[in-house]
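Letter by letter, the chains look like this.
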Amino acid sequence: MKIQTTPERISGAEALLKSLQHQGTETIFGYPGGQAIPIFDALYDFKDIRYILTRHEQGATHAAQGYARVSGKAGVCIVTSGPGATNTITGIGDAMLDSTPMVVIMGQVGVSLLGTDAFQEIDVVGITQPITKWSYQIRSASEISWAVARAFYIAQSGRPGPVVLDFTKNAQTEMVDYKPEKCSFIRSYLPKKEIEETCVQSAAKLIDSAQKPLAIIGQGVILGHAEKEVIDFLEKADIPAAYTLLGESAMPSDFRLNQGMVGMHGNIAPNMKTNECDVLIAIGMRFDDRVTGNLNTYAKQARIIHFDIDPAEIDKNVKTDVAIVGDVKQSLPMVTALIHKNQHTEWIDSFEEHHKHEQEAVIARELHPTSTTLTMGEVVDRISTATDNDAVVVTDVGQNQMIAARYSRFRRSRCFITSGGLGTMGFGIPAAIGAKIAAPKEKVILYTGDGGFQMTMQELGTIMQEQTGVKMVILNNDYLGMVRQWQELFYACRYSSTPLVNPDFGKIAEAYGIATTTVTRRDQLDSAIADMLRDDRPYLLVVHVEPQGIVYPMTPAGETVTHILTE
């Protein structure tokens with residue numbers, strides 16, 4: 001883009017949109033309203049910006065998250081003040097916990113009305129400061145170019161996250177001499193630390209001395225575009241590796257050193273080996289409680305090496321022996337260059353016994369059930385096969401999420417999109433919309449439950465209006481399945497407020513002009529999947545699965561990672 005040098009006299013609303021264009025924004029999600037009307041009036045003339053009108057502001061934030069997670073660029077939302085602003089809070093919090101770059105722009109009353117409890121005035125900065133990297137109120141049109149440049153720099157640099165700009169009405173209408181700005185430095189904000197060579201050397205020595213090393217790959221690898229660097233490191237050191245929920249797809253599913261997922265519903269082998277390894281190498285992960293279980297018994301026998309861009313994560317949950325703070329795309333190759341080419345054949349082979357146990361105890365039962373009722377796992381497995389293991393998978397939250405994580409297979413990175421840290425039911429439909437808009441040529445498969453689907457099913461209107469070719473799969477068990485699972489296992493089957501009386505989801509889809517099929521029998525499944533995948537039209541596949549299925553393996557909350565239930 002040609003850099004403008006001579007100021008242009010335009011309104012603040014126009015200056016905002018030009019600033020967004022200058023940052024590379026092509027797509028915006030959101031919902032209009034009174035205190036943002038000048039922005040939307042200006043947007044009418046910006047034909048090269050695609051504005052996606054969602055049906056709720058929360059949907060706009062989740063769509064922006066899906067867009068960001070697939071594209072690697074900041075998602076952008078524009079909403080109005082008051083309830084428009086407060087409706088974005090869940091999505092902003094979700095983006096903060098999952099390190100998703102997002103810029104949310106909210107209309108606000110004019111400066112003269114601030115503090116008067118004017119219609120739809122709310123203290124946006126006060127509300128959002130704890131759940132953003134930066135929250136700022138633009139009170140003058142002269143601040144717009146500076147604030148937008150700063151917002152994108154903060155959102156996308158270092159450990160990514162959400163930024164909020166609270167945009168007063170007068171700043172939208174004032175005239176300003178506009179010049180675009182870029183931001184690449186903010187005093188006191190250091191998104192990347194200089195990597196300490198002594199730490200790199202210590203890590204290399206520790207890795208070379210390891211007899212039973214294990215690496216855990218987190219989303220930081222994906223955010224840092226360091227997938228190749230991880231593979232190169234693992235291959236040279238011959239280290240078996242597992243991934244966190246958000247780290248899924250960072251390694252190809254069939255990569256020889258990929259041992260599966262760790263965590264509460266992770267694979268048996270890497271969870272067991274966490275408490276057997278002598279060196280644990282955490283790469284771009286934060287030792288979340290769903291990964292570690294009881295911290296008092298987590299990997300106590302191991303020396304810990306932790307790669308992370310955020311110094312606040314070091315020693316926060318797990319005490320490290322060597323911490324390498326910095327961009328993993330830079331730091332990991334430095335370690336790889338120093339380590340010797342190793343071989344850990346016997347150690348890697350020892351994982352197979354646990355994989356075999358899981359196959360016999362869980363996977364065979366899930367994928368080849370003896371009952372006539374369909375299981376969630378076999379649905380996900382067949383769809384993964386039908387897409388040649390090459391789809392972008394988006395999930396809602398609950399049993400559908402864990403089953404999708406366990407039984408989907410991936411060839412490429414940025415292909416598994418879910419709500420991790422906040423665990424937001426309703427994330428699925430809008431996030432899938434954003435993912436499809438970011439990758440229009442890819443198959444985007446959404447797995448959701450009957451509960452999560454109903455939380456944001458108004459976004460079917462967005463799919464109808466934009467003709468977004470999302471393939472939605474409801475794994476319908478007529479329960480809030482994950483809560484019901486806990487009630488069965490730990491609360492004596494007291495199913496309080498978890499049974500659901502559901503509508504006819506197919507009729508709802510038809511009302512929005514979305515093709516749909518309902519499957520109740522195993523012999524219907526393959527043809528229904530083929531029909532769903534035949535073209536790029538939006539599609540809803542409703543599959544009735546066993547009402548009281550349980551996601552195994554499971555490590556109960558607060559237990560040691562090796563306390564694994566398989567039945």
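Thresholds, definitions, all that
- Residues numbered from 1 in each chain as written.
- Predicted model: local features only at pLDDT ≥ 70, side-chain atom pairs only at ≥ 80, totals over all residues.
- Heavy atoms only, no water.
- Pairing = 2+ DSSP bridges.
- Helix = DSSP H or I, 4+ residues; strand = E, 2+ residues; numbered from the N terminus.
- Axes fitted to C-alpha atoms, helices over the stretch in contact; angles between N-to-C directions.
- Buried < 20%, exposed > 50% of the residue type's maximum accessible area, 1.4 Å probe, protein only.
- Contact = heavy atoms within 4.5 Å.
- Phe/Tyr/Trp six-rings, centres within 6.5 Å; stacked < 30°, edge-to-face > 60°.
- Lys NZ or Arg CZ within 6 Å of the ring centre and 35° of its normal.

Asks: Could you clarify how one ought to interpret the sheet that holds strand S7 (residues 162-168) in this entry?
Replies: Adjacent strands of a sheet form backbone hydrogen bonds with each other and so pair up, either parallel or antiparallel. The strand order across the open sheet formed by six strands is S3-S2-S4-S5-S7-S6, and the pairing between neighbours is parallel. The open sheet terminates on both sides in strands that have one partner only, identified here as strand S3 (50-53) and strand S6 (134-138). The mean angle between the axes of side-by-side strands here comes to 20°, regardless of whether they run parallel or antiparallel. Across five bridges, the pairing between S6 and S7 is parallel. Residue tyrosine 136 lies in a different strand from S7, and its bridge partner there is leucine 165.

Asks: Quick question: what am I supposed to make of helix H11 (residues 227-237) here?
Replies: Given 3.6 residues per helical turn, the α-helix brings residues three or four places apart onto the same face. All of the buried residues in H11 are Glu227, Glu229, Val230, Ile231, Phe233, Leu234 and Ala237. Buried positions along H11 lie against helix H9 (197-209), strand S9 (213-217), helix H10 (219-223), strand S10 (241-243), strand S12 (279-283) and helix H14 (328-338). With its phi angle positive at about 55°, aspartate 238 sits one or two positions after the end of H11.

Asks: Mind showing me how you'd approach the packing of aromatic side chains here?
Replies: The full count for this structure, using the stated rule, is 12 aromatic pairs. An angle of 75° between the planes, with centres 6.0 Å apart, marks the rings of phenylalanine 287 and tyrosine 298 as edge-to-face. Taken together, the positions of phenylalanine 287 in the loop between S12 and helix H13 (289-292) and tyrosine 298 in the loop between H13 and strand S13 (303-308) put the pair 11 residues apart, joining distant regions of the chain. Through successive ring pairs, a cluster of aromatic residues spans Trp134, Tyr136 and Trp146. The lysine or arginine in question, lysine 47, covers the ring of tyrosine 44, its NZ or CZ lying 4.3 Å from the ring centre. Across from the ring centre of tyrosine 479, 5.6 Å away, lies the NZ or CZ of arginine 484, which sits over that ring.

Asks: Please clarify how the side chain of glutamate 358 should be interpreted in this entry.
Replies: One can find glutamate 358 in helix H16 (residues 351-367). Contact partners of glutamate 358, with chain neighbours within four places excluded, come to Asn267, Ile268, Ala269, Ile363, Arg406 and Pro553.

Asks: What exactly am I supposed to notice about the sheet that holds strand S20 (residues 539-544) here?
Replies: If you trace the six strands from one edge of the open sheet to the other, you get S16-S15-S17-S18-S20-S19, paired in parallel fashion. Edge positions in the open sheet fall to strand S16 (416-417) and strand S19 (515-519), since each of these has one partner strand only. For strand S17 (residues 444-449) and strand S18 (residues 471-476), the ladder comprises five bridges, and the chain directions are parallel. Considered in S18, the bridge of glycine 449 is made with leucine 475.

Function cannot be inferred from these measures alone, as they are strictly geometric.
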